[in-house]
Amino acid sequence: MSVMATSSRKTALVGLLSLTSVAALLIRRVLRAWRARGLGGTPFQVVQSGSRLLDPQVSPLLLKVSIGHCVRSWSDDYLRRYLGGHKIQVHVSDTPFLNFASKNFAYEVADFDSFLSRLQGENGNKFLYYRSQHSKRNKAATLEAIGLGGDVDHGFSLPDELLLPFETHSTVLRIASTGLSMWLHYDVCDNFLCCIRGRKRVILFHPDDIGLLYISGSSSAMGSRLFAEADLPQLWKEFPLAKAAWKRRHEIELHAGDVLFLPAFWAHCTQALPHESDKASISVNTFVLRRDTMSLHDPKDVWANRELLPAQDAVKAFEEKILPSLAKLPATARSFYCRKIAAQLQLEAEAASASG
Ligand SMILES: O=C(O)CCC(=O)C(=O)O
Ligand SMILES: [Fe+2]
């Protein structure tokens, strides 16, 4: 073999090696972008379109789509122009960690202008949260109901492509003080949670982990203490099962313009964070219903958290029939039959998860 041939083979080999390392670098970059913003736990997927939203096993997704001009237009002055003078109901709390179970906050009626001023000012260490409602108690929220729906040029809108497979249930404006965290809960509708101003940290748990989260009704007894990082060792003492779920959590930080697709039954809690000097974290979320399961949805569900109708029947039968029957048994037999029924239910749950 000639010297020339050996050296050209060497050059080819070196070329191939450097090409491989460039390719590896590129793949690493693409993977990093793909998992972008997933802060802890399971990596997050970023997608450009809504083609997989109806997949029964869909995980939360960060959607790269446009939500209209609101991201640039909705200054405090703009919001005051539309909502100024409105009386709104506000959650007010001394702690940033809101807890629905222990009700560590009060509801106050405030006018919108003073709410915004308090939110941006020093505010005596109070944490404020506004969730828009419909003026009629039995109707679900819309932006039109608070006067924010009509401005096509400067408003909020989700691409038709995302909404078309669904029926819209409601659209909610949410404004929170820096640091305020919303308690862990689940909703029964799929949801597009859109960040308009500030930032929002969101922690989510797979529906299969519901039994580890100390949920009663649709809210967790842990409130939003998952955001109190220094307090986590104490939290695991009080709520030991939750530690395993925490390790598998999905977590993301939303920035202005980001849309999180948050599937129904994924328990979630959020933390409002500032952007530069702006202390308001503003988001809009649209709850949607899948057409194939719409008939199971309670027509009286205003907040997107009433159990599906067959689940309401099951819970009622459990509380009114099964539990009282079991209570008639002596302790050993009660423990035996509770475990037997729990094992049967566990098998049902596994089979349903596998077929979902
Ligand atoms: O961040 C918030 O204000 C809560 C959002 C939420 O729970 C939802 O959109 O379902
Ligand atoms: Fe929610």
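Here the structure is a predicted model, which is why all the values come from computation and not from measurement.

Structural notes on the layout of surface pockets
Here comes step 1: By volume, the largest pocket is sized at about 2,200 Å³.
Here comes step 2: Taken together, 48 residues make up the lining of the largest pocket; nearest its centre are Pro-207, Asp-208, Ile-210, Phe-265 and Ala-352.
Here comes step 3: When residues of the lining of the largest pocket are traced back to their parent elements, those giving at least two are β11 (215–216), β16 (280–290), α8 (309–327) and α9 (331–355).
Here comes step 4: The element that contributes the greatest number of residues to the lining of the largest pocket is α9, accounting for 10 residues.
Here comes step 5: As a volume, the second largest pocket reaches approximately 950 Å³.
Here comes step 6: Contributing to the lining of the second largest pocket are 40 residues, with His-91, Arg-131, Ser-132, Gln-133 and Trp-303 lying nearest its centre.
Here comes step 7: Top contributing element to the lining of the second largest pocket by residue count: strand β4 (residues 87–93), with 4 residues.

So, the coordination of the iron ion (ligand 2)
Here comes step 1: Protein coordination at the iron ion (ligand 2) comes from His-185 (NE2), Asp-187 (OD) and His-268 (NE2), with a distance range of 2.1 to 2.2 Å.
Here comes step 2: Motif for the iron ion (ligand 2), donor spacing along one chain: H-x1-D-x80-H. Taken as a pair, His-185 in strand β8 (residues 181–185) and His-268 in strand β15 (residues 267–273) lie far apart in primary sequence, 83 residues in all.
Here comes step 3: A relative accessible area of 5% means that His-268 is categorised as buried.

Notes on the sheet that holds β4
Here comes step 1: Pairing is mixed across the open sheet formed by 9 strands, whose spatial order is β2-β3-β14-β9-β16-β7-β6-β4-β5. Each of the sheet's edge strands pairs with one partner strand only, and the pair in question is β2 (45–47) and β5 (106–111). Taking each pair of neighbouring strands and ignoring which way they run, the sheet shows an average axis angle of 30 degrees.
Here comes step 2: Pairing geometry for β4 and β5, over 6 bridges, is antiparallel.

Side note on the site of ligand 1
Here comes step 1: The environment of ligand 1 is made up of Tyr-129, Arg-174, Met-182, His-185, Asp-187, Asn-191, Leu-193, Lys-200, His-268, Thr-270, Asn-285 and Phe-287.
Here comes step 2: Tyr-129 is positioned with one of its side-chain polar atoms (N or O) 2.7 Å from an oxygen atom of ligand 1.
Here comes step 3: The side chain of Asp-187 places a nitrogen or oxygen atom 3.0 Å from an oxygen atom of ligand 1.
Here comes step 4: Coverage of ligand 1 by the protein chains reaches 99% of its 290 Å² of free accessible surface.

Examining the state of the cysteines
Here comes step 1: Summed over all chains, the structure comprises 0 disulfides.
Here comes step 2: Left without a disulfide partner, Cys-194 is nearest to the cysteine sulfur of Cys-70, which lies 7.9 Å away.
Here comes step 3: Classification of Cys-194 by relative accessible area gives buried; the value is 0%.
Here comes step 4: Lacking any disulfide linkage, Cys-269 is separated from the closest cysteine sulfur, that of Cys-195, by 16 Å.

So, the packing of aromatic side chains
Here comes step 1: Applying the stated rule across the entire model yields 15 aromatic pairs.
Here comes step 2: Between Phe-166 and Phe-261 the ring centres are 6.5 Å apart and the planes differ by 35 degrees, which places this aromatic pair in the tilted class. Linking Phe-166 in strand β7 (residues 166–177) with Phe-261 in strand β14 (residues 259–262), this pair joins segments that are 95 residues apart in sequence. As far as burial versus exposure is concerned, Phe-166 and Phe-261 are alike and both buried.
Here comes step 3: Ring geometry for Tyr-214 versus Phe-239: centroids 4.9 Å apart, planes at 70 degrees, classification edge-to-face. Of this pair, Tyr-214 sits in the loop between β10 (199–205) and β11 while Phe-239 sits in the loop between α6 (232–238) and α7 (242–247), placing them 25 residues apart in sequence.
Here comes step 4: These aromatic residues form a ring-pair network of at least three members: Phe-100, Phe-105, Tyr-107 and Trp-183.
Here comes step 5: The aromatic ring of Trp-246 is capped on one face by Arg-249, whose charged end is 3.9 Å from the ring centroid.

A short note on the packing of helix α3 (residues 76–83) against helix α4 (residues 112–120)
Here comes step 1: For the pair α3 and α4, interaxial distance at closest approach is 9 Å and the crossing angle is 160 degrees. As summarised for this structure, α3 and α4 are arranged roughly antiparallel, according to the angle between their axes. Between α3 and α4 lies a crossing of right-handed hand. Residue-level contacts link Asp-76, Leu-79, Arg-80 and Leu-83 of α3 to Phe-112, Asp-113, Leu-116, Ser-117 and Gln-120 of α4.
Here comes step 2: Along the lines of polarity and charge, the residues of the contact of α3 with α4 split into 4 nonpolar, 2 polar and 3 charged.

The rules we used
- Residues numbered from 1 in each chain as written.
- Chains lettered and ligands numbered in written order.
- Predicted model: local features only at pLDDT ≥ 70, side-chain atom pairs only at ≥ 80, totals over all residues.
- Heavy atoms only, no water.
- 1 Å grid on protein atoms, 1.4 Å probe; cavity = no way out; pocket = protein on both sides within 12 Å on 5 of 7 lines; lining within 4 Å.
- Points joined across faces, edges and corners; volume = space filled by probe spheres on them.
- Helix = DSSP H or I, 4+ residues; strand = E, 2+ residues; numbered from the N terminus.
- Donors = N, O, S within 2.8 Å, 3.2 Å for Na, K, Ca; no water.
- Buried < 20%, exposed > 50% of the residue type's maximum accessible area, 1.4 Å probe, protein only.
- Pairing = 2+ DSSP bridges.
- Axes fitted to C-alpha atoms, helices over the stretch in contact; angles between N-to-C directions.
- Near = heavy atom within 4 Å.
- Polar contact = N/O pair within 3.5 Å; in protein donor to acceptor, adjacent residues only side chain to side chain.
- Areas by Shrake-Rupley, 256 points an atom, 1.4 Å probe, with all protein chains shown as cover.
- Disulfide = S-S within 2.5 Å.
- Phe/Tyr/Trp six-rings, centres within 6.5 Å; stacked < 30°, edge-to-face > 60°.
- Lys NZ or Arg CZ within 6 Å of the ring centre and 35° of its normal.
- Parallel < 35°, antiparallel > 145°, perpendicular 65-115°, else oblique.
- Left-handed = near helix turned anticlockwise from the far one by under 90°.
- Contact = heavy atoms within 4.5 Å.
- Nonpolar A, V, L, I, M, F, W, Y, C, P; charged D, E, K, R; others polar.

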